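Coordinates in review
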Amino acid sequence: MTRQQLIDQIKQKKSFLCVGLDTDLDKIPEFLKQYPDPVFEFNKRIIDATKDLCVAYKPNSAFYESYGVKGLQSLIDTWQYLPKETLNIIDAKRGDIGNTSDKYARAFFDETASGMSFDAITVTPYMGNDSVTPYLKYEGKWVIILALTSSVGSKDFQYLNTGDDYLYEAVIKKANTWAGADRIMYVVGATKSTEFTNIRKYAPDNFLLVPGVGAQGGSLEDVCQYGITKDCGLLVNASRSIIYASNGEDFADAAREEAKSLQKQMAVELEKAGII
Ligand SMILES: O=c1ccn([C@@H]2O[C@H](COP(=O)(O)O)[C@@H](O)[C@H]2O)c(=O)[nH]1
């Protein structure tokens, strides 16, 4: 998906919501367990209930890998079911030497090899250039680099002073030399909303994938106040607060309500910024 297609979709849906598919067998409604693949059945119903309200989906690979072969099949089936118009992100947070990254890129981007071809992948920048650039060889695919995460532990390394910059600032500056804002996004946690002004100094045009609203307590309003750009430039993710809004038979309707409420707030923010 191109940057322009993403922007057009945001304007059309009046939304920059990313629905996180962190599907946990221990948390899904009991009645789904009668289906051959309860995880896929759950995802299917969540996707059907939310696809007109969001512009992206983000399965977190840990939730699938933790079920072995069966989990991988659920992930492949989920990818096949995802709408073609949404930006489909695999939250895998990979990072390794070049030839290994080649294999990760093949696993998540090459449908003929693995059965999956996500539009974007999250990667960790710690190992530098050769760990990230293999993903960029796949034309039209996005790399989403962890910059300033929503986690409490973000302070352990990301705020280390490298001389002129915090480490997270140095990461953004360096990664900007690998590709432009049409191929690279950054992860910035909603729990770090006051840092968005600073981040926009280094990444004025890049889309930011923003996890941390909902279950982690980040504020959508604050993220927009400091982070929105003329093209929106934000994909705000919510996982648990949407997909586990209810664990009864009404779970998909409850997920829709939760997604609708976020989408409505997003429409207000897009109007405030003059984007729609
Ligand atoms: O800094 C980060 C990077 C990634 N995540 C991931 O996003 C979702 C958040 O889920 P919620 O249930 O909405 O809290 C999850 O997949 C995390 O692994 C993050 O939270 N923070």
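In this numbering scheme, every chain counts its residues from 1 along its sequence in written order. Local features in a predicted model are, by the rule used here, given only for residues with pLDDT of at least 70; side-chain atom pairs are given and counted only at 80 or more, and totals for whole chains, interfaces and linings are based on all residues. Only hydrogens and water are set aside when side-chain values are computed; all heavy atoms of the structure are taken into account.

Quick look at the site of the ligand
How we decide: One heavy atom within 4 Å of a molecule or strand is enough for the residue carrying it to be called near that molecule or strand. Nitrogen and oxygen atoms within 3.5 Å of one another constitute a polar contact, given that in protein one can donate a hydrogen and the other can accept it, and given that sequence-neighbouring residues count only through two side-chain atoms. Note on areas: these come from Shrake-Rupley sampling with a 1.4 Å probe, and a residue is covered only by the protein chains present in the view. When residues are grouped by polarity, Ala, Val, Leu, Ile, Met, Phe, Trp, Tyr, Cys and Pro land in nonpolar, Asp, Glu, Lys and Arg in charged, and all others, Gly among them, in polar.
Neighbouring residues of the ligand: 16 residues in total, closest Asp22, Asn60, Ser150, Gln216 and Arg240. Ser239 is positioned with one of its backbone polar atoms (N or O) 2.9 Å from an oxygen atom of the ligand. Calculation on the ligand without its partners gives an accessible area of 460 Å², and the protein chains cover 88% of this total. Tallied by class, residues from the shell around the ligand come to 5 nonpolar, 6 polar and 5 charged.

Description of the environment of Ile7
To keep things clear, this is the line we draw: Numbered from the N terminus, helices here are DSSP runs of H or I no shorter than four residues, and strands are runs of E no shorter than two.
If you trace the backbone, Ile7 turns up in helix α1 (residues 3-13). Along the sequence, Ile7 and Cys232 sit 225 residues apart, while their C-alpha atoms lie 7.5 Å from each other.

Here we look at the packing of helix α5 (residues 98-109) against helix α7 (residues 129-136)
What counts is decided by this rule: Angular values range over 0 to 180 degrees, each being the angle between N-to-C directions of two axes fitted as lines to C-alpha atoms, with helices fitted over their stretch in contact. Handedness of a crossing is defined here by the sense of rotation of the near helix relative to the far one, left-handed for an anticlockwise turn of less than a right angle and right-handed for a clockwise turn. Note on definitions: a residue-residue contact is assigned when non-hydrogen atoms from the two residues lie within 4.5 Å.
With their axes 8 Å apart at the nearest point, α5 and α7 run at an angle of 35 degrees to one another. In the packing of α5 onto α7, the handedness of the crossing is right-handed. Two secondary-structure elements touch here, α5 through Gly98, Ser101, Asp102, Tyr104, Ala105 and Phe109 and α7 through Asp130, Ser131, Pro134 and Tyr135.

Some words on the packing of helix α2 (residues 38-50) against helix α13 (residues 251-272)
This is how it is decided: Orientation is classified from the angle alone, with under 35 degrees giving roughly parallel, over 145 giving roughly antiparallel, 65 to 115 giving roughly perpendicular, and any other angle giving oblique.
It is the contact of α2 with α13, at a shortest axis distance of 9 Å, that shows an interaxial angle of 40 degrees. Comparing the axis directions of α2 and α13 gives the class oblique. Handedness of the α2/α13 crossing: right-handed. Counting all contacts with α2, which are made through Phe42, Arg45, Ile46, Ala49 and Thr50, the residues of α13 involved are Phe251, Ala252, Ala255, Arg256 and Ala259. Of the residues that constitute the contact of α2 with α13, the class distribution is 7 nonpolar, 1 polar and 2 charged.

A look at the UniProt feature "domain: Orotidine 5'-phosphate decarboxylase" (unreviewed entry) in the protein
Let me state the cut-off plainly: UniProt positions are given in the numbering used here, feature names are shortened, and annotations may be inferred rather than shown by experiment.
The feature "domain: Orotidine 5'-phosphate decarboxylase" (unreviewed entry), as annotated in UniProt, sits at residues 16-255 in this numbering. The span residues 16-255 is 38% helical and 17% strand by assignment, and the distance between its end C-alpha atoms comes to 16 Å.

Concerning a nonpolar patch on the surface
Basically, it comes down to this: Patch definition: residues above 30% relative accessible area lacking any salt bridge, with like charges linked at up to 9 Å and the nonpolar side chains Val, Leu, Ile, Met, Phe, Trp and Tyr linked at up to 5 Å. We define a salt bridge as a side-chain nitrogen of Lys or Arg found within 4 Å of a carboxyl oxygen belonging to Asp or Glu.
Taken together, the side chains of Ile97, Tyr126 and Met127 define a hydrophobic patch exposed on the protein surface, amounting to about 360 Å² of accessible area. With respect to the helices and strands, Ile97 occurs in the loop between β3 (87-94) and α5.

Some details on the pairing of strand β5 (residues 142-148)
Going by this rule: Between buried and exposed lies partly exposed: a residue is buried under 20% and exposed over 50% of the maximum accessible area for its type, with that area taken using a 1.4 Å probe on protein chains only. For two strands to count as paired, DSSP must find a minimum of two bridges between them. Looking down the strands as they point away from you, a crossover is right-handed if its path from the first strand over the helix to the second goes clockwise.
Of all 7 residues in β5, 7 are buried, a share of seventy percent or more. Pairing of strand β4 (residues 120-123) with β5, which is carried by 4 bridges, proceeds in the parallel orientation. Paired with Ile121 across the two strands is Val143, which belongs to β5. Regarding topology, α7 serves as the crossover connection from β4 to the parallel β5, and that connection is right-handed. Summarising the sheet, β5 and strand β6 (residues 184-188) pair through 5 bridges and their orientation is parallel. Across the sheet, the residue bridging to Ile145 is Tyr186, located in β6.

Side note on the nonpolar core
Cut-off, in case you're wondering: Throughout this description, the term nonpolar core refers to a set of buried Ala, Val, Leu, Ile, Met, Phe, Trp, Tyr and Cys residues connected via side-chain atoms within 4.5 Å.
Phe16, Ile145 and Leu234 are the most contacted members of the largest nonpolar core, which has 88 residues in total. The contacts of Ile145, once residues within four sequence positions are left out, are Val123, Pro125, Val132, Val171, Ala175, Trp178, Ile184, Met185, Tyr186 and Val187.

Describing unusual backbone geometry
The phi torsion at Lys93 lies on the positive side, around 45 degrees, for a residue other than glycine. Relative to the helices and strands, Lys93 resides in strand β3. Lys93 gets classed as partly exposed once you look at its relative accessible area, which sits at 39%. Phi angles above zero are rare outside glycine, and Cys232 is one such case at about 85 degrees. Following the sequence through the fold, Cys232 ends up in the loop between α11 (220-227) and β8 (234-238). Its relative accessible area of 0% is what places Cys232 among the buried residues.

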